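Spelled out from the first residue to the last, the chains are:
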Amino acid sequence: MPARHAPNTLGRLFALGLLAAAVGFAGLLSTTTAHAKDWDSEKDNVIVSIPESPAPWEWLSYNAQWAKAGIIKGARRGLTKLKRTGKAADGHGALMHLAVRDAGEMTLKEAAEDDKIRDFLLARLKGSEGPVKSEEITVDTGAGKAHPAIVLRTSGKAANLKSKEGLCTAYMVLAVTKGKLYLLRMYAFHAEHDDDGLIYDLDYMEANCLRLISTKESPKAKAAPKKADGDAKRDGEKEEVREDETIENRAQGWRITIDGKLLRHETTDEDKDLFLELKCEDSDRMGGYSFYVYAPPTTQYIDGVKAPPPNLIKWIGADWWQNFTVNHPKGELATFKWPKPETKGVKTFLTFPYLGEEKARKVVVKDGKKRAVEMSSSDMRKAGFFEKVKKNNIGKKGKVSEAVRGVMQGKRPRIPGMETVVRYAFRGRAHSYRIFVSLWGEAHKKWGPALRKTLESWEFGIKFKD
């Protein structure tokens, strides 16, 4: 079949306009600008785009299970109800994953015909797919030139976003350059008539979602000296440089400075419904981290009845034990001693343990030892997994109440290395704060100092001037 070129920027906007008309949103585009959200990785030589309007997609948090398939990024579009019937959606929506693998000597056509590579697309359909159609297309590059690609398309039945079997249309775009194989797979879990435009999304994203930063082969360099263990940065990689970012929450009276090495994500409407105030997360081949801050009101009313305040001791005690041991079913469990703040002149209990120091690490449950199915908060505290904070300062003027903090480390299945989860909780003037920090693999070597600096920068009790 003839090659098909991805449209330029104006073409992308035009394609979005067609998509909007197809799903009945033309009126919306007449008053708003259609655009997409981009994610780029210089390390992986790729830019990925997802529609932001009129039907928004959302990026997925990194899942450690992706590593085996070489997946580096994912996104989804969920439906709440079906347009034709008005009934609640039951797992209908769309899903996208981008995998980057070593191509070796494999050509583009060989990759498109390889059964193992095709299985990356077809495994979800479990043999229910119809004929797989192949078409030669092109993808954009940073130089504004077209680069050869192939798209595979099929349809059948597959487990949707709620793992319920239903109709599915599946696409996968393949490209090969600079020794890397790029696999962009997309699924639309649609109703019979697809009035919600999920397949139109796939058509648009097939032509616009994947862009290669460069296809020019790099000159071969002499072998460099072997790097020290734990050095996540490899030859040829350039790490994105970001400035520190200061965030002020005037309504709650606090300020925090996010270290430039941390990647902050904007909170969605769904996040805000869960009182998520701050979200940072990132990963690479060495490991990853996440940093979440929740601040639900201490006083809430449910169906007109005043609810009790959140139980912070239970959250960092008995509830945490049950959650952690389910996700870390085998191996030893450890905790860490708390250091003094590293930032000069700062008084705060919001500091971060030195996870790389074995002297600070304490094994509480040895490998192979039988664990308690349940553990009371009191026993959790005696074991050293968490502590009540005596000096509850946060910043120069900030003081909070009921402050607690804890650390647990264990082996999560299918994640390289150990996973460490750090929790903090306290009450402010009107909110009950719960903070999660999670790291796996060698992430503490790259992001540990930035997390410590960020936590220690927090200031509470600020009276902002208008």
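These notes cover the structure that comes with them. (Residues numbered from 1 in each chain as written. Predicted model: local features only at pLDDT ≥ 70, side-chain atom pairs only at ≥ 80, totals over all residues. Heavy atoms only, no water.)

Let us look at the overall build of the protein chain. Each helix and strand counted, the protein chain has 10 helices and 25 strands in total. For the protein chain, buried positions account for 47% of its 466 residues. Of the contacts made within the protein chain by residues no fewer than 6 positions apart, 62% connect residues no fewer than 24 positions apart. (Helix = DSSP H or I, 4+ residues; strand = E, 2+ residues; numbered from the N terminus. Buried < 20%, exposed > 50% of the residue type's maximum accessible area, 1.4 Å probe, protein only. Contact = heavy atoms within 4.5 Å.)

This brings us to the side chain of His-147. Within the element layout of this structure, His-147 appears in strand β7 (residues 146-159). Within polar-contact distance, the side chain of His-147 engages the backbone oxygen of Val-176 at 3.0 Å. Those residues within four positions of His-147 in sequence are excluded, and the remaining contacts are Ile-137, Thr-138, Val-139, Thr-141, Val-176, Thr-177, Leu-212 and Thr-215. (Polar contact = N/O pair within 3.5 Å; in protein donor to acceptor, adjacent residues only side chain to side chain.)

So, on to the pairing of strand β11 (residues 245-249). In the sheet, β11 pairs with strand β12 (residues 254-258) via 5 bridges, with the strands oriented antiparallel. Looking at β12, one finds that Ile-247 is bridged to Ile-256. Linking two consecutive strands that pair antiparallel, namely β11 and β12, is a turn of 4 residues; a positive phi of about 75° is found at Gly-253 within it. (Pairing = 2+ DSSP bridges.)

Each full turn of the α-helix corresponds to 3.6 residues, which orients residues three or four apart in the same direction. Buried within helix α4 (residues 115-122) we find Ile-117, Phe-120, Leu-121 and Leu-122. Buried residues along α4 sit against β4 (71-78), β5 (93-102), α3 (108-113), β7, β8 (165-177) and β9 (180-189). Regarding α4, its N-cap is Asp-114, as a side-chain oxygen of that residue lies 2.9 Å from the backbone nitrogen of Lys-116 further along.

Structurally, Arg-427 can be placed in strand β23 (residues 419-427). A residue is classified by how much of its surface remains accessible, and Arg-427, at 9% relative accessible area, is buried. At a separation of 2.9 Å, a polar atom in the side chain of Arg-427 contacts the side chain of Glu-402. Residues within four places of Arg-427 in sequence aside, it is in contact with Thr-298, Pro-309, Pro-310, Leu-312, Val-400, Ser-401, Glu-402 and Ser-432.

Right, let's get into the pairing of strand β13 (residues 276-284). Of all 9 residues in β13, 7 are buried, a share of seventy percent or more. Bridge count for β13 against strand β14 (residues 287-294) is 8 bridges, and the pairing is antiparallel. Residue pairing in the sheet places Leu-276 in a bridge with Tyr-294 of β14. Hairpin connection of β13 to β14: 2 residues between the antiparallel strands.

Strand order in the open sheet formed by 3 strands is β11-β12-β25, and the pairing between neighbours is antiparallel. Strands with a single pairing partner mark the edges of an open sheet, and in this sheet they are β11 and β25 (459-460).

Among all positions of helix α8 (residues 318-327), only Trp-320, Trp-321, Phe-324 and Thr-325 are buried. Taken around the axis of α8, the buried residues stretch over an arc of 115°, which confines them to a single face. For α8, the elements touching its buried residues are α7 (312-316), β17 (330-336), β18 (361-365), α9 (377-383), β22 (401-411) and β23. (Arc of directions from axis to C-beta.)

The tally for this structure, following the rule as stated, stands at 25 salt bridges. Between Arg-84 and Asp-195 there is a salt bridge, with its nearest N and O atoms 2.8 Å apart. Here Arg-84, found in the loop between β4 and β5, pairs with Asp-195, found in the loop between β9 and α5 (198-208); they are 111 residues apart in sequence, far enough to count as distant. On the accessibility criterion, Arg-84 (52% relative accessible area) is exposed. Judged by relative accessible area, Asp-195 falls into the partly exposed class, the value being 26%. Close ionic contact of Asp-102 with Lys-180 constitutes a salt bridge, the shortest N to O distance being 2.6 Å. (Salt bridge = Lys/Arg side-chain N within 4 Å of Asp/Glu carboxyl O.)

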